[in-house]
Amino acid sequence: MLENNIGTGMSGWGNQLFENSETIDTKEQCRRALLRTKAITAGEDDLIANLSNTSATLWQFLERISWCGFYLMRNGELVLGPFQGKPACRRIAVGKGVCGAAVQEDKTQIVANVLEFPGHIACDSASRSEIVVPIHHNGRVIAVLDIDSAEFDRFTEIEKEYLEELCQHLESQCSWDI
């Protein structure tokens, strides 16, 4: 049964889907991360469990990232949620930094050089590029997926496409009424 074996990577799909030992291109990394996220969240609607496993899955499959996680809208601001990486900023105002811009504009943000982004919030001084994808519930932005890299120009339209699909999956899979 998939639920019993998902943590070991021994699902019916075979180990090759869940192992990340070989060098694979960006599109394949994203495809595997999306499939793993859909598998690991199947039958589960708990928000924290799904966001925790999703951030861990992205951390496992996406190469050259330095931070990966979620910020949740709480009382008009973004509050740190499940993540992988170094400790992070706990709260971010809407309109501030890349995450706040994603909420304010309701649009995925790809920033090739965060040092040139007006108002960038440097939670990690090593961060050089970032992608932030808004997540919706009942027609409004309820959270964002935030991924950083220590490399300039790390994120492309390939990640944007797959991460937006992943976030749409989470929109429908999770119970956002907490």
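Now for a quick tour of the structure.

Here is what the cut-offs are and how they apply
- Think of each chain on its own: its residues are numbered from 1, step by step along the sequence as written.
- Given that the model is predicted, a residue must reach a pLDDT of at least 70 before its local features are reported, and side-chain atom pairs must reach 80 or more before they are shown or counted; all residues, however, enter totals for whole chains, interfaces and linings.
- Note: side-chain values were computed over all heavy atoms of the structure, leaving out hydrogens and water.
- Helix numbering and strand numbering both begin at the N terminus, where a helix is a DSSP run of H or I of at least 4 residues and a strand a DSSP run of E of at least 2.
- When accessible area is computed with a 1.4 Å probe and restricted to protein chains, residues below 20% of their type maximum are described as buried, those above 50% as exposed, and intermediate ones as partly exposed.
- Between two residues, a contact is recorded if the distance between any of their heavy atoms is within 4.5 Å.
- Each accessible area value is a Shrake-Rupley result obtained with a 1.4 Å probe; residue values ignore everything except the protein chains displayed when judging cover.
- For this analysis, a polar contact is any N or O atom pair within 3.5 Å, provided that within protein one partner can donate a hydrogen and the other can accept it, and provided that sequence-adjacent residues contribute only side-chain to side-chain pairs.
- Aromatic contacts are taken between Phe, Tyr and Trp rings whose centres are within 6.5 Å, Trp giving its six-membered ring; a plane angle under 30 degrees counts as stacked, one over 60 as edge-to-face, and the others as tilted.
- Whenever a carboxyl oxygen of Asp or Glu lies within 4 Å of a side-chain nitrogen of Lys or Arg, that contact is scored as a salt bridge.
- In this text, buried Ala, Val, Leu, Ile, Met, Phe, Trp, Tyr and Cys residues form a nonpolar core when linked through side-chain atoms within 4.5 Å.
- Any pair of cysteine sulfurs within 2.5 Å is marked as a disulfide.

Of the regular secondary structure elements, the protein holds six helices and six strands. Within the protein, the fraction of its 178 residues that count as buried is 48%. At a minimum sequence separation of 6, the contacts of the protein that also span at least 24 residues come to 54%. Split by element, the accessible area of the protein, about 8600 Å² in all, is 47% carbon and sulfur.

Residue position: Thr108 is located in the loop between helix 5 (97-105) and strand 4 (109-111). Engagement of the side chain of Thr108 in a polar contact is seen with the side chain of Glu164, the distance being 2.5 Å. Residues contacting Thr108, with those up to four places away along its chain left out, are Ile131, Val132, Val133, Pro134, Lys160 and Glu164.

Going through the model one piece at a time under the given rule, you end up with two aromatic pairs. An aromatic cluster is defined as three or more aromatic residues linked by ring pairs; in this entry it consists of Trp67, Tyr71 and Phe83.

So, on to the side chain of Ser127. Within the secondary structure, Ser127 is located in the loop between strand 4 and strand 5 (129-137). Those residues in contact with Ser127 that lie beyond four places of it in its chain are Val114, Asp148 and Ser149.

What follows covers the pattern of salt bridges. Summed over the entire model, instances satisfying the criterion amount to eight salt bridges. The closest approach of N and O atoms between Glu28 and Arg32, which form a salt bridge, is 2.9 Å. With Glu28 and Arg32 both in helix 3 (residues 26-41) and four residues apart, this pair spans about one turn of that helix. Between Lys38 and Glu165 there is a salt bridge whose closest N-O contact spans 3.2 Å. A residue pair is termed long-range when its members are at least 10 positions apart, and Lys38 in helix 3 and Glu165 in helix 6 (residues 157-173) qualify at 127 residues. Accessibility expressed as a relative area gives 32% for Lys38, which makes it partly exposed.

Bringing the nonpolar core into the picture now. If you look at the biggest cluster of nonpolar residues, it comprises 27 residues, and the most contacted ones within it are Leu58, Leu145, Ile147 and Trp176. At the level of elements, helix 3, helix 4 (47-61), strand 1 (67-74), strand 5, strand 6 (140-149) and helix 6 are the ones that each hand at least two residues to this core. With five residues, the single largest contributor to this core is helix 6. Apart from the residues within four sequence positions on either side, Ile147 is in contact with Leu58, Leu62, Ile65, Trp67, Cys68, Ser129, Glu130, Ile131, Phe155 and Leu163. Judged by nonpolar contacts, the second largest core, of 18 residues, contains Cys89, Ala101, Phe117 and Val144.

With the rule as written, the count across this model stands at one disulfide. The disulfide bridge from Cys89 ends at Cys123, spanning 1.8 Å between sulfur atoms. Residues Cys89 and Cys123 share a disulfide whose torsion about the S-S bond is about -125 degrees; that sign makes it left-handed. Of this pair, Cys89 sits in the loop between strand 2 (77-85) and strand 3 (91-93) while Cys123 sits in the loop between strand 4 and strand 5; the two residues are 34 residues apart in sequence, bridging distant segments of the chain. Here Cys99 is not cross-linked by a disulfide; its sulfur's nearest cysteine counterpart is in Cys123, at 7.7 Å. Given a relative accessible area of 3%, Cys99 falls into the buried group.

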